[in-house]
Amino acid sequence: MKNYLNHPGSLIMMLLVMFGAILTFLVLIFLIVYILVHGVPYLKPSLFSLHYTSENASLMPALINTVIMTGLSLLIAVPLGIFAAIFLVEYAKRGNKFMGVIRLTTETLSGIPSIVYGLFGMLFFVNTLGWGFSLLAGAFTLSIMILPLIMRQTEESLKSVPDSYREGSFGLGAGKLRTVFRIVLPSAVPGILAGVILAIGRIVGETAALMYTAGTVAKVPSSVMGSGRTLAVHMYNLASEGLYMDQAYATAVVLLVLVVGINTLSGVIAKRLTKA
């Protein structure tokens, strides 16, 4: 504290940082408590019925569609994002103009509003390819949205791996490919999972892009070519109608629990992989 007293500017910065951290924490707690207070009393068994009706406003079909949509989107985007990041970090030469184009494209994609992705998905996947309003069209649209996030996070994670790991592997006679996939990539798994967690959060909370591509049908489709709404779209529809506000808050509680559960599970997996 004496050092801060000798430098008033440092003391002010420290107080501002503490104030920002405390304010962020309080806002988070307020949001969670507000949602729980307004939503928990309306978590009734009818809300988890397998079939949606105007009487029960069941969220179960939307919950199942959310899990399917998340899995499909990650299945498409994660391998592409990881392999692209590996190429940029491990194989592409520094100063390569092609690398600059890829990074510029990635940064541009990450700044595009989600509704623009939705319009693109509707014009290309729904209309041009003839997929119609379907989970597959929504998954491909979301995979384009989260691809820059996964690429960037994986790239930073690979860069954080010390070069001594690579040099030691090369010194033992391992080739480039074996070094990347047996030494570098496992060391970067926690950072990569952090990017995947952020991507899941964006998938679960997305509405605009899915309304134009996956549709708003309140049922579980028989295949990925069928239309279906996710939890976020379901909650938006309930709130916009104005007749099911209680059910909308209850859906928000389930959505909150789902995100927290996914984050917790991913953290546990990351720790076990790190220890292994």
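Within each chain, residue numbers correspond to sequence positions counted from 1 in written order. A pLDDT threshold of at least 70 governs which residues receive local features in this predicted model, and a stricter bar of 80 or more applies before side-chain atom pairs are shown or counted, although totals over entire chains, interfaces and linings include all residues. In computing side-chain properties, one takes all heavy atoms of the structure into account and sets aside hydrogens as well as water.

(A) Examining the overall build of the protein chain more closely. Each helix and strand in the protein chain was counted, giving 12 helices and 0 strands. Oriented by its inertia axes, the alpha-carbon framework of the protein chain measures out at about 65 × 60 × 35 Å. With a 1.4 Å probe rolled over the protein chains alone, any residue whose accessible area is under 20% of its type maximum counts as buried; one over 50% counts as exposed, and the rest are partly exposed. Residues classed as buried in the protein chain amount to 37% of the 276 residues present. The contacts of the protein chain with a sequence gap of at least 6 include a subset with a gap of at least 24, amounting to 71%. When the accessible surface of the protein chain is summed, it comes to about 15400 Å², and 70% of that surface belongs to carbon and sulfur atoms. When charges are counted, neither His nor the chain ends are considered; positive counts come from Lys and Arg and negative counts from Asp and Glu. To locate a charge, take NZ of a lysine, CZ of an arginine, CG of an aspartate or CD of a glutamate. Averaging the coordinates of the 18 positive side-chain charges in the protein chain and doing the same for the 10 negative ones gives two points 9 Å apart. Going along the chain from the N terminus, every DSSP run of H or I of four or more residues is numbered as a helix, and every run of E of two or more is numbered as a strand. Only heavy atoms matter for contacts: two residues are in contact if any of them lie within 4.5 Å across the pair. Reported accessibility uses the Shrake-Rupley method at a 1.4 Å probe radius. Residues are deemed covered only where the shown protein chains occlude them.

(B) View of a nonpolar patch on the surface. The patches reported here contain residues having more than 30% relative accessible area and no salt bridge. Joining distances are 9 Å for like charges and 5 Å for nonpolar side chains (Val, Leu, Ile, Met, Phe, Trp, Tyr). The salt bridge criterion pairs a side-chain nitrogen of Lys or Arg with a carboxyl oxygen of Asp or Glu, the two atoms within 4 Å. A grouping of Leu15, Met18, Ile22, Phe25, Leu26, Ile29, Val33 and Val37 is seen on the molecular surface, where their side chains present a nonpolar patch of about 750 Å² in accessible area. With respect to the helices, strands and loops of the structure, Ile29 is situated in helix α2 (residues 8-39).

(C) Quick peek at the side chain of Glu206. One can find Glu206 in the loop between α9 (189-205) and α10 (208-211). Buried charge without a partner: Glu206 forms no salt bridge, and the closest opposite charge is Arg202, 4.4 Å away. A distance of 3.2 Å separates a polar atom in the side chain of Glu206 from a polar atom in the side chain of Ser114. We define a polar contact as two N or O atoms separated by no more than 3.5 Å, with the added condition that, inside protein, one atom must be a possible hydrogen donor and the other a possible acceptor, whereas residues neighbouring each other in sequence contribute only through side-chain atom pairs. At a separation of 3.3 Å, a polar atom in the side chain of Glu206 contacts the main-chain amide nitrogen of Ala208. If near-sequence neighbours (up to four positions away) are discounted, Glu206 is found in contact with Ser114, Leu142, Met145, Thr230, Ala232 and Val233.

(D) Broad picture of the environment of Thr105. Relative to the helices and strands, Thr105 is located in helix α4 (residues 97-110). The exposure class of Thr105 is partly exposed, given its relative accessible area of 40%. The spatial distance from the C-alpha of Thr105 to the C-alpha of Pro148 is 8.7 Å, given a sequence separation of 43 residues. Within the structure, the side chain of Thr105 is placed 2.7 Å from the backbone oxygen of Val101, a separation counted as a polar contact.

(E) Up close: the nonpolar core. Core analysis: the biggest nonpolar cluster contains 40 residues, and Met69, Leu74, Ile146, Leu158 and Leu231 have the highest contact counts within it. Sorting elements by how many residues they give to this core places helix α3 (residues 60-91) first, with 11 residues. The residues contacting Leu158, other than those within four sequence positions of it, are Ala85, Ile86, Val89, Arg166, Val184, Leu185 and Ala188. Think of a nonpolar core as a cluster: buried Ala, Val, Leu, Ile, Met, Phe, Trp, Tyr and Cys residues, connected wherever their side-chain atoms sit within 4.5 Å. In this structure, Leu88, Met99, Ile102 and Met151 belong to the second largest nonpolar core, which totals 5 residues.

(F) Local environment of the pattern of salt bridges. Taken as a whole, this structure holds 6 salt bridges when the rule is applied. Glu155 serves as the salt-bridge partner of Arg152, at 3.6 Å between the closest nitrogen and oxygen. With Arg152 and Glu155 both in helix α6 (residues 135-160) and 3 residues apart, this pair spans about one turn of that helix. What makes Arg152 partly exposed here is its relative accessible area of 34%. For Lys159, the salt bridge is made with Glu155, and the minimal N-O distance between the two is 3.6 Å. Residue Lys159 and its partner Glu155 are both found in helix α6; the two are separated by 4 residues, about one turn of the helix. Assessed through its relative accessible area of 2%, Glu155 is described here as buried. One connected set of salt bridges, linked through shared partners, spans Glu90, Asp163, Arg166 and Lys176.

(G) Seen up close, the environment of Asn65. Note on placement: Asn65 falls in helix α3. In this structure Asn65 comes out as buried when scored by relative accessible area, which is 0%. Separated by 207 residues in sequence, Asn65 and Arg272 place their C-alpha atoms 29 Å apart. With near-sequence residues (within four places) excluded, Asn65 lies in contact with Leu135, Lys219, Val220, Pro221, Gly228, Arg229 and Thr230.

(H) Structural context of unusual backbone geometry. Non-glycine residue Ala57 carries a positive phi angle of around 50°. Ala57 sits in the buried class, given a relative accessible area of 0%.

(I) Local environment of α3. The terminal C-alpha atoms of α3, which comprises 32 residues, lie 45 Å apart, in line with the 46 Å expected from a rise of 1.5 Å per residue. Two axes enter the definition of the bend at a residue: one is fitted to the seven residues ending there, the other to the seven starting there, and the bend is the angle between them. A maximum bend of about 30° is found in α3 at Leu74. In this scheme, a helix's expected span is set at 1.5 Å multiplied by one less than its residue total.

(J) The side chain of Thr70, seen in detail. Secondary-structure assignment places Thr70 in helix α3. Look past the residues within four positions of Thr70 in its chain and what remains in contact with it is Ile200, Ile203 and Val204.

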